Amino acid sequence: MSKFSRFAVGMVLIIAVLFALSLFVGAVHIPVEQVVRILFLPSADIQADPGIKSSWIYIVLQNRLPQAITAMLCGASLAVCGLMLQTAFRNPLAGPSIFGINSGASLGVALVMLLLGGSITAGSFSLTGFVAVLFAAFVGAMAVMALILLFSTMVRNNVMLLIIGIMIGYISSSAISLLNFFATEQGVQSYMVWGLGNFGGVSMEQMPSFALITLAGLLGALMLIKPLNALLLGEQYAENLGINTQRVRNYLLFVTGILTAITTAFCGPIAFIGLAVPHIARMLLTTDNHQYLMPATILTGAAIALLCNVICVLPGSQGIIPLNAVTPIMGAPVIIYVILKQRGK
């Protein structure tokens, strides 16, 4: 068995264990055997069983199960976005948030929560609550992505495009700061809670749409394996092989934008997973070949996100730890290591 095969089998087993833990562990204690019965027995048998509380059924099927699936898909999506950006822009510190797409989503949510009072109304069109936040986050992220794609047609230099993305992020952050300054206390609190990140934002009814978009984005990323391998040796080398680097970059930005927009819209701006996971996958596999590195990054991202999800609920009845309080604990040491390694070179 090859090194990659051993890695893949091991990672799948880790994901399976963490997925199970996500279903068994939570703020409400539910016996393991009852969780298994809820998951595998027919619905009629579950309802008729006097030993299974209706609240347990709701928690397992409508809360823990979609949360675990969301964590896997979000972790895989953000990780693969980070890998593509780090390769295409030859920058180990590039991540999904570097182009301001997260900031665009955050600005959209800030406009709804802090300026419009939590609802969007235009004539007969009206959205309120979570749907309004979801819509605003997605529109904000896609607007920034469209702007980045527009600039990518004008600027061929990757470093310059990276700087433009960072500046767009700064402009969005500045606008959010102004909105926070003039907002009500309740609005600021609601916005801060959203900004902490949460894998529980996707319901089972929304799961098919969420999964379809993220899986389509991951498939789009897998189609870039060969161009990304060529880009490892430089743009000039890739062009000599007949690869249109401009088109590859635009396609890559589009896939990254879609995946980042959908995950941020549903789960909030999640830090460090996209930045750190590609480096973890590289260290575990010791290869830069995307034929192995991209699937490894997808699996590692899913595992890390599930681990973060489990850690968030460990306090049990005392509450749930915010997601963005956990991800830096895992991501920051990896980034420090990468920086020190680059300095050594």
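As the structure is a prediction and not an experimental result, all values here were calculated from the model. (Residues numbered from 1 in each chain as written. Predicted model: local features only at pLDDT ≥ 70, side-chain atom pairs only at ≥ 80, totals over all residues. Heavy atoms only, no water.)

Visitor: An account of the overall build of the protein chain is requested, with residue identities and associated values reported.
Guide: When you go through the protein chain residue by residue, the secondary structure sums to 15 helices and two strands. Relative to its length of 345 residues, the protein chain is compact, with a C-alpha radius of gyration of 21 Å against a globular reference of 20 Å. Across the 345 residues of the protein chain, 50% fall into the buried class. Counting only contacts in the protein chain whose residues sit at least 6 apart along the sequence, the fraction spanning at least 24 positions is 77%. Counting only carbon and sulfur atoms, one obtains 68% of the accessible surface of the protein chain, whose full area is about 16,400 Å². (Helix = DSSP H or I, 4+ residues; strand = E, 2+ residues; numbered from the N terminus. Rg over C-alpha atoms; globule rule 2.2 N^0.38 Å. Buried < 20%, exposed > 50% of the residue type's maximum accessible area, 1.4 Å probe, protein only. Contact = heavy atoms within 4.5 Å. Areas by Shrake-Rupley, 256 points an atom, 1.4 Å probe, with all protein chains shown as cover.)

Visitor: Let's hear about the packing of helix α5 (residues 101-115) against helix α12 (residues 245-267): which residues, and what values?
Guide: Here α5 crosses α12 at 40°, and the two axes come no closer than 9 Å. Here α5 and α12 pass one another in a crossing that is right-handed. Contacts between α5 and α12 involve Ile101, Asn102 and Ala105 from the former and Gly257, Thr260, Ala261 and Thr264 from the latter. Of the residues belonging to the contact of α5 with α12, the class tally is three nonpolar, four polar and no charged. (Axes fitted to C-alpha atoms, helices over the stretch in contact; angles between N-to-C directions. Left-handed = near helix turned anticlockwise from the far one by under 90°. Nonpolar A, V, L, I, M, F, W, Y, C, P; charged D, E, K, R; others polar.)

Visitor: Residues and numbers for helix α8 (residues 185-195), please.
Guide: Turning to α8, its buried residues are Gly187, Val188, Tyr191 and Trp194. With its buried residues spanning 125° around the axis, α8 presents them on a single face. Looking at α8, the residues exposed on the side facing more than 90 degrees away from the buried face are Glu185, Gln186, Gln189, Met192 and Val193. Just beyond α8, the residue with positive phi is Gly197, at close to 85°. (Arc of directions from axis to C-beta.)

Visitor: Quick one: what's the story with a nonpolar patch on the surface, residue by residue and with numbers?
Guide: Together, Val159, Met160, Ile163, Met167 and Tyr170 give the surface a local cluster of nonpolar side chains, amounting to about 490 Å² of exposed area. Structurally, Tyr170 is set in helix α7 (residues 158-182). (Patch = residues over 30% accessible without salt bridge, like charges linked within 9 Å, V, L, I, M, F, W, Y side chains within 5 Å. Salt bridge = Lys/Arg side-chain N within 4 Å of Asp/Glu carboxyl O.)

Visitor: Residue-level account of the packing of aromatic side chains, with values.
Guide: Summed over the entire model, instances satisfying the criterion amount to four aromatic pairs. Centroid distance Phe4 to Tyr292: 5.4 Å. Interplanar angle 50°. Geometry classified as tilted. With Phe4 in helix α1 (residues 3-24) and Tyr292 in helix α14 (residues 290-312), this pair connects stretches of sequence that are 288 residues apart. (Phe/Tyr/Trp six-rings, centres within 6.5 Å; stacked < 30°, edge-to-face > 60°.)

Visitor: Before we move on, could you go through the nonpolar core and cite the residues and values that matter?
Guide: In terms of nonpolar packing, the biggest core is built from 93 residues, with Phe99, Phe199 and Met294 touching the most fellow members. Examining the composition of this core, we find that 13 residues originate from one element, helix α4 (residues 54-88), more than from any other. For Met294, the contacting residues outside a window of four places in its chain are Val80, Leu83, Met84, Ala221, Leu222, Ile225 and Leu228. Counting residues in hydrophobic clusters, the runner-up holds 10 residues, among them Leu23, Val35, Ile38 and Ile52. (Core = buried A, V, L, I, M, F, W, Y, C linked by side-chain atoms within 4.5 Å.)

Visitor: Before we move on, could you go through helix α9 (residues 207-222) and cite the residues and values that matter?
Guide: Relative to the 22 Å expected for 16 residues at 1.5 Å per residue, α9 spans 22 Å between its end C-alpha atoms, a close match to the ideal helical length. Of the residues making up α9, those classed as buried are Met207, Phe210, Ala211, Thr214, Gly217, Leu218, Gly220 and Ala221. The inward-facing, buried residues of α9 contact α4, α10 (225-231), α12 and α14. (Expected span 1.5 Å × (residues − 1).)

Visitor: So what's going on with unusual backbone geometry? Which residues, and what values?
Guide: In this model, Arg90 sits at a positive phi of 50°, which is unusual for a non-glycine residue. The topology assignment puts Arg90 in the loop between α4 and α5. Overall, the relative accessible area of 55% leaves Arg90 in the exposed class. You will see that Phe272, though not glycine, has its phi angle at about 75°, which is positive. The topology assignment puts Phe272 in the loop between α12 and α13 (273-285). By relative accessible area, which is 28% here, Phe272 ends up partly exposed.

Visitor: Account for the environment of Met11, naming residues and giving values.
Guide: Residue placement: Met11 occurs in helix α1. Taking the C-alpha atoms as reference points, Met11 and Thr300, separated by 289 residues in sequence, lie 7.0 Å from one another. Non-local contacts of Met11, meaning those with residues more than four positions away in its chain, are made with Leu284, Leu299, Thr300 and Ala303.

Visitor: Could you give an account of the confidence of the model for the protein chain, with specific residues and numbers?
Guide: In this model, the protein chain carries a mean pLDDT of 85, and residues with pLDDT of at least 70 account for 92%. Looking across the protein chain, the model is least confident in strand β2 (residues 125-128), with a mean pLDDT of 65, and most confident in α14, with 94. (pLDDT = per-residue confidence, 0-100.)

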